[in-house]
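Descriptive analysis of the structure
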Amino acid sequence: MAFQPEALSLCGKCRSSIRTERCGRTGKEKNTMDRQKIVICRNLEQELAEVLRRGGYDRIFILTDEQTHRCCLPVLSVMEELKDVPEMSIGAGDVHKNLQTLSAVWTWLSEGGASRHSVLLNLGGGMVTDLGGFAAATFKRGIDCINLPTTLLAMVDAAVGGKTGINFNGLKNEIGSFAPAACVLLETGFLRTLNAHNFFSGYAEMLKHGLISTPQHLDELLAFDTGHIDYDALKPIVAKSVQVKENIVEQDPHEHGLRKALNLGHTVGHAFESLALAEGRPVLHGYAVAWGLVAELYLSYIKAGFPREILRLVTDFVRANYGLFAFDCTKYDLLYNFMTHDKKNVGGIINFTLLKDVGELSLNQTADCNTIFEALDFYRECMGG
Ligand code: GLY
C-alpha cells in the first residue's frame, strides 16, 4: 500500500465537552466495535457495584499486580460484592507481560470455574489492563472485563480504547487484539499514591491529547502546576483527556486512519525508548513520548507549518518537566534504524503523525533521513543536549 499523506481535522464531537456516561453492554453478544462505558468515579464502590449488578455476572475474578494488590485492592476488598472473590496477583512491570503470565491467568480462570458469563476486574496500570484484557478477550472466546486503571498512563491511554495484548519474541505488544472492556472506571484518587515519574509519564500522553484536540485543552495542560499537583483540579483535565482519546477510538477503533493521531510523538519516542533500553538506561514510556513530541513537532513545523510559538511552548514544558534524554550524533543512525523498524510503518517507510496546527492532523507523513537528523539536532539544541 502506497503512502497517502492525508490532512484531517478532528470532528466537532472531539471538541465537545465531557460525556461521562457511554452506552455499555446490554446483555447481547459483545461486538468488537462496542463502545466502552467510561465512568469518572465519584464513588468507586457504588459505581462498581452498579456495573456488576447490571452485568449479571455469575462469577467475579480480580487481577492485580504485586503493587496494586498492596496499595489499591484494600479499597475494593470492603465491598460486599467482592467478598471471597478470587484474586490473582502477577509480577509488576512490563517484563511480566508475557505468554507465561497470560497462560497462568487462563489457568487460574479455568480452574476457578470462570464461564462465559463471568467477569475479570483488571486493577492496575497498563500492564495489568493489557494482559488482563487479552486474557478476557480470549478465554472461552471472550468474557467481559472491567478496567480499573490505577496509573495516569493507564487512565488516559492503556485502559481505554480496547487495545489488549502481550509482548512476544522480544517485541512489544506483538500478540493481542482490539477488545474494549465492558466498562472502565476511573478513580483518580489512586493517583495520589503515584510517584512523580509515573505521574509525568502519564501526563505526556495528556499533552499529546492536548496537541491533537484544541488550543484550550493544550493551554490548560501547559498551565497546570505540575510542581504542586492539585488532584481535584486534575480530575476534570483527566476526564477531558480520556474523552479526546475515546472520541477518536469511537470513529476509528481499529486504527485505519484517524486513530493514528494517537501516535503523535511515538515514532521518535519509541526510538528513544529502544535506544535507552539497548544502552541499559531504560526510560518510562511517557518520558520517551514527551521527548518524541519535541522532535515530531519540529518535523511538523518544517513539513506542515506547525506554529513556531507553540513548538517553543511545548519544548519549554518538556525541558522543564522531563529533563533531557542525552545522546550525541553518533547515535543518529541507530535511532533512524529503530524508526525504520517501527510497527506503524508500511513497506519499510517511516510513518509519522504530524500536525499543521493544534487539532489539525497531517496523517501518514514520512521524512527523509536528513530531515529526521535535523529534528534530532533541534531536540538536542533546545533540550540542552
Ligand atoms: N496508545 C495509542 C492507541 O491506543 O491507539
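Let me begin by describing the structure that accompanies this report. On a predicted model such as this, the values are computed, not experimentally measured, just so you know. (Residues numbered from 1 in each chain as written. Predicted model: local features only at pLDDT ≥ 70, side-chain atom pairs only at ≥ 80, totals over all residues. Heavy atoms only, no water.)

1. Description of the pattern of salt bridges
Where we set the bar: Here, a salt bridge means any Lys or Arg side-chain nitrogen found within 4 Å of an Asp or Glu carboxyl oxygen. In this text, helices come from DSSP runs of H or I with a minimum length of four residues, and strands from runs of E with a minimum of two, each type numbered from the N-terminal end. Exposure categories follow from relative accessible area, calculated using a 1.4 Å probe and restricted to protein chains: below 20% of the type maximum is buried, above 50% is exposed, and the middle band is partly exposed.
Overall, the coordinates contain 16 salt bridges when judged by the stated rule. A salt bridge links Glu 50 to Arg 54, with the nearest nitrogen and oxygen atoms 3.2 Å apart. Of this pair, Glu 50 and Arg 54 both sit in helix H1 (residues 44-55), 4 residues apart, roughly one helical turn. Between Asp 130 and Lys 97 there is a salt bridge, with its nearest N and O atoms 2.7 Å apart. With Asp 130 in helix H5 (residues 126-138) and Lys 97 in the loop between strand E4 (87-90) and helix H4 (99-111), the pair connects residues that are 33 residues apart, well separated along the chain. Judged by relative accessible area, Asp 130 falls into the buried class, the value being 11%.

2. Concerning helix H14 (residues 369-383)
As a reminder of what qualifies: Expected span of a helix: the number of residues minus one, times 1.5 Å.
In a regular helix each residue adds 1.5 Å, so 15 residues correspond to 21 Å; H14 covers 21 Å between its end C-alpha atoms and thus fits that length. Along H14, the residues classified as buried are Thr 371, Ile 372, Phe 373, Ala 375, Leu 376, Phe 378, Tyr 379, Arg 380 and Met 383. Just downstream of H14 lies Gly 384, where phi reads positive at about 90 degrees.

3. Some words on the side chain of Thr 129
With respect to the helices and strands, the residue Thr 129 is situated in helix H5. Overall, the relative accessible area of 2% leaves Thr 129 in the buried class.

4. Quick look at the state of the cysteines
Stated precisely, the cut-off is as follows: The rule for a disulfide is simple: a pair of cysteine sulfur atoms within 2.5 Å.
Inspection of the entire model under this criterion finds 0 disulfides. With no disulfide of its own, Cys 41 lies closest to Cys 183 among cysteine sulfurs, the gap being 8.0 Å. Accessibility expressed as a relative area gives 0% for Cys 41, which makes it buried. Unpaired in this structure, Cys 72 has its nearest cysteine sulfur neighbour in Cys 71, at a distance of 5.7 Å.

Geometric values such as these leave the question of function open.
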